[in-house]
Amino acid sequence: MTDSKDIQNTHKSHKVQNHSQTLIAQFSSPLPPPEMLASYERAQPGLIQKIIEMTEAESNHRRELEKQKLLAEVNSLQRGDTLISRAQIFALIIAVFTIVGGCLAAINGAQIAGSIIGTSGVVGIIGAFIKNSKREK
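Computed from a prediction, not measured in an experiment: that's the story for all the values here. The residue numbering used here restarts from 1 in each chain and proceeds along that chain's sequence as written. Reporting in this predicted model follows two pLDDT cut-offs: at least 70 for local features of residues, and 80 or more for side-chain atom pairs to be given and counted; totals over whole chains, interfaces and linings ignore these cut-offs and use all residues. The basis for every side-chain value is the complete set of non-hydrogen atoms in the structure, without hydrogens or water.

**Brief notes about the overall build of the chain**
Next up, step 1: Counting its regular elements, the chain contains three helices and two strands.
Next up, step 2: Mapped from its N terminus to its C terminus, the chain presents α and β elements in the order β-β-α-α-α.
Next up, step 3: When a residue's accessible area, from a 1.4 Å probe over protein chains only, is under 20% of the maximum for its type it is buried; when over 50% it is exposed; and in between it is partly exposed. Taken over 137 residues, the chain has a buried fraction of 12%.
Next up, step 4: Long-range contacts, defined here as pairs at least 24 residues apart, represent 21% of the contacts in the chain between residues at least 6 apart.
Next up, step 5: Only the protein chains shown count as cover for residues, with accessible areas throughout obtained via the Shrake-Rupley method and a probe of 1.4 Å. Carbon and sulfur atoms make up 62% of the accessible area of the chain, which totals about 11,100 Å². To qualify as a helix, a DSSP run of H or I must reach at least 4 residues; to qualify as a strand, a run of E must reach at least 2; elements of each kind are numbered from the N terminus. Residue contacts are defined here by distance: any two heavy atoms, one from each residue, within 4.5 Å place the two residues in contact.

**Quick notes on helix α2 (residues 47–107)**
An α-helical turn contains 3.6 residues, so a residue and the one three or four places further along point in the same direction.
Next up, step 1: Multiplying 1.5 Å by the helix residue count minus one yields the expected span of that helix. Given a rise of 1.5 Å per residue, 61 residues ought to cover 90 Å, and the 90 Å separating the end C-alpha atoms of α2 matches this to within 8%.
Next up, step 2: Buried residues of α2: Ile51, Thr55, Ser59, Ala95, Gly102 and Ala105, and no others.
Next up, step 3: One or two positions beyond α2, positive phi appears at Gly109, with a value near 105°.

**What about the environment of Ile51?**
Next up, step 1: In this structure, Ile51 sits in helix α2.
Next up, step 2: Linking Ile51 and Pro32, residues 19 residues apart in sequence, is a C-alpha distance of 9.3 Å.
Next up, step 3: Not counting chain neighbours up to four residues away, the residues in contact with Ile51 comprise Leu31, Pro32, Leu37 and Tyr40.

**Points about the packing of helix α1 (residues 34–43) against α2**
Next up, step 1: Between α1 and α2, the shortest axis-to-axis distance is 8 Å and the interhelical angle comes to 125°. Taken together, α1 and α2 sit at an angle that is classed as oblique. In this structure, α1 contributes Leu37, Ala38, Tyr40 and Glu41 to the contact, and α2 contributes Leu47, Ile48 and Ile51.
Next up, step 2: Considering only residue class, the contact of α1 with α2 consists of six nonpolar, no polar and one charged. As a rule, the C-alpha atoms of each element are fitted with a line to give its axis, helices using only the stretch in contact, and angles between N-to-C directions run from 0 to 180 degrees. Oblique is the label for any angle not under 35 degrees, not over 145, and not in the 65 to 115 range, which are roughly parallel, roughly antiparallel and roughly perpendicular in turn. All residues other than Ala, Val, Leu, Ile, Met, Phe, Trp, Tyr, Cys, Pro, Asp, Glu, Lys and Arg, Gly among them, are scored as polar; the first ten of these are nonpolar and the last four charged.

**Section: the side chain of Thr55**
Next up, step 1: In this structure, Thr55 sits in helix α2.
Next up, step 2: Note on Thr55: relative accessible area 17%, which makes it buried.
Next up, step 3: Counting of polar contacts relies on pairs of N or O atoms within 3.5 Å, with two restrictions inside protein: one atom must be capable of donating a hydrogen and the other of accepting it, and residues adjacent in sequence are counted only when both atoms are side-chain atoms. A distance of 2.8 Å separates a polar side-chain atom of Thr55 from the backbone oxygen of Ile51.

Here you go:
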């Protein structure tokens, strides 16, 4: 039993007086070592098949949960990309309107107000590009 590759730690203690023996084994695979499975089968016929089926069901369940988690993350990223694209379009529209508004105000004689309005549109566009470039790093 101790020569299996799945056994990581084995501890034996012997009591000379009572002739008792303690064996502690730890293994890391989802299934016990073959020697242990054989002893289970001797104790109750058909138990190996049940253990294997339970292990397969647990593995399938874990894979399905990991798949659902990954799909949820992908969907979240796609929604985030859609929202960012939509926000950029609206920001562009607002910036164009402020620049055009500033130009119209300057043409109609309000040069100071037009320059302030137009500059705010340009600053908004530049600020958005700087913010997005910092976020991607």
